[in-house]
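Residue strings, one per chain:
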Amino acid sequence: MNAQHIVVLITSKDKKEAEKIARGLLEAKLIACANIIDGIQSLFWWQGKIDSSKEVLLVIKTKNILFKKVSTKVKFLHSYQTPEIIALPIVHGSKDYLGWINSSCL
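Below, the structure is looked at part by part.

About the cut-offs
- Residues numbered from 1 in each chain as written.
- Predicted model: local features only at pLDDT ≥ 70, side-chain atom pairs only at ≥ 80, totals over all residues.
- Heavy atoms only, no water.
- Buried < 20%, exposed > 50% of the residue type's maximum accessible area, 1.4 Å probe, protein only.
- Helix = DSSP H or I, 4+ residues; strand = E, 2+ residues; numbered from the N terminus.
- Pairing = 2+ DSSP bridges.
- Arc of directions from axis to C-beta.
- Contact = heavy atoms within 4.5 Å.
- Phe/Tyr/Trp six-rings, centres within 6.5 Å; stacked < 30°, edge-to-face > 60°.
- Disulfide = S-S within 2.5 Å.
- Patch = residues over 30% accessible without salt bridge, like charges linked within 9 Å, V, L, I, M, F, W, Y side chains within 5 Å.
- Areas by Shrake-Rupley, 256 points an atom, 1.4 Å probe, with all protein chains shown as cover.
- Salt bridge = Lys/Arg side-chain N within 4 Å of Asp/Glu carboxyl O.
- Axes fitted to C-alpha atoms, helices over the stretch in contact; angles between N-to-C directions.
- Parallel < 35°, antiparallel > 145°, perpendicular 65-115°, else oblique.
- Left-handed = near helix turned anticlockwise from the far one by under 90°.
- Nonpolar A, V, L, I, M, F, W, Y, C, P; charged D, E, K, R; others polar.

**Describing the pairing of strand β1 (residues 5–12)**
Phase 1 of the analysis: With respect to burial, β1 is a largely interior element, 8 of its 8 residues being buried.
Phase 2 of the analysis: Neither face of β1 is exposed, since H5, V7, L9 and T11 on one face and I6, V8, I10 and S12 on the opposite face are all buried.
Phase 3 of the analysis: Note that β1 and strand β3 (residues 49–63) share 8 bridges and pair antiparallel. Directly across from I6, in β3, lies its bridge partner T62.

**What about helix α2 (residues 67–77)?**
Phase 1 of the analysis: What α2 keeps buried is the set V70, S71, V74 and L77. Taken around the axis of α2, the buried residues stretch over an arc of 135 degrees, which confines them to a single face. Facing away from the buried side of α2 by more than 90 degrees, the exposed set consists of K68, K69, T72, K75 and F76.
Phase 2 of the analysis: Taken together, the buried residues of α2 touch β1, α1 (15–27), β3 and β4 (85–89).

**Some remarks on the packing of aromatic side chains**
Phase 1 of the analysis: Tallied over the entire structure, the rule returns 1 aromatic pair.
Phase 2 of the analysis: With a centroid separation of 5.3 Å and an interplanar angle of 40 degrees, the aromatic rings of Y97 and W100 are classed as tilted. Residue Y97 and its partner W100 are both found in helix α3 (residues 95–104); the two are separated by 3 residues, about one turn of the helix.
Phase 3 of the analysis: For Y97, a relative accessible area of 34% translates into the label partly exposed.

**Describing α3**
Spacing of three or four residues puts side chains on the same side of an α-helix, whose turn is 3.6 residues.
Phase 1 of the analysis: Among all positions in α3, only L98, I101 and S104 are buried. All buried residues of α3 fall inside an arc of 125 degrees around its axis, so they share one side. Residues of α3 that are exposed and point more than 90 degrees away from the buried face comprise K95, D96 and S103.
Phase 2 of the analysis: For α3, the secondary structure elements touched by its buried residues are β1 and β3.

**Brief notes about the state of the cysteines**
Phase 1 of the analysis: Following the criterion strictly, the structure yields 0 disulfides and no others.
Phase 2 of the analysis: Left without a disulfide partner, C33 is nearest to the cysteine sulfur of C105, which lies 9.8 Å away.
Phase 3 of the analysis: Looking at C33, the relative accessible area reads 17%, which means it is buried.

**Examining a nonpolar patch on the surface**
Phase 1 of the analysis: There is a patch of nonpolar side chains on the surface, built from L43, W45 and I50 and spanning about 420 Å² of accessible area.
Phase 2 of the analysis: Within the secondary structure, I50 is located in strand β3.
Phase 3 of the analysis: You can call I50 exposed: its relative accessible area is 58%.

**Details of the packing of α1 against α2**
Phase 1 of the analysis: One can describe the packing of α1 onto α2 by two numbers: an axis separation of 10 Å at closest approach and a directional angle of 140 degrees. With respect to each other, α1 and α2 are oriented oblique. In this structure, α1 crosses over α2, and the sense of that crossing is right-handed. Here E17, K20, I21, G24 and L25 of α1 lie close against α2, whose contacting residues are V70, K73, V74 and L77.
Phase 2 of the analysis: Residues that form the contact of α1 with α2 fall into these classes: 5 nonpolar, 1 polar and 3 charged.

Okay, structure coming up:
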C-alpha cells in the first residue's frame, strides 16, 4: 500500500521546541497541520540503559511525497541527536480534509 497522505509523529523536549518545529514546517509549506500534545511521559533505551523523560508530541499531517523534506527540516530544527520522526499512512479520510492537506502543502 502506498498512501498519498501521512501522519508524522515527532517528540520534542518541550512546547517551545515543538512550536518552533511546527512553525518551521508550516512556513516551508511542508505540512498542513501540527497538533501539539504536551505532558507525555516517554520511556526508551538510550546509551545502553532504560531512560525516561517528559516530552511533547507533535502530530503532523502532510503528503507522503514530502516525508524526506519534512525529516530533513525537523533534523535541522531539533535539539535531539536522534529525534523521533516516524510516518503512519492515512488509509482513509474525509475527502474534504484530504483535499485540504493537498491544497495546504507544496
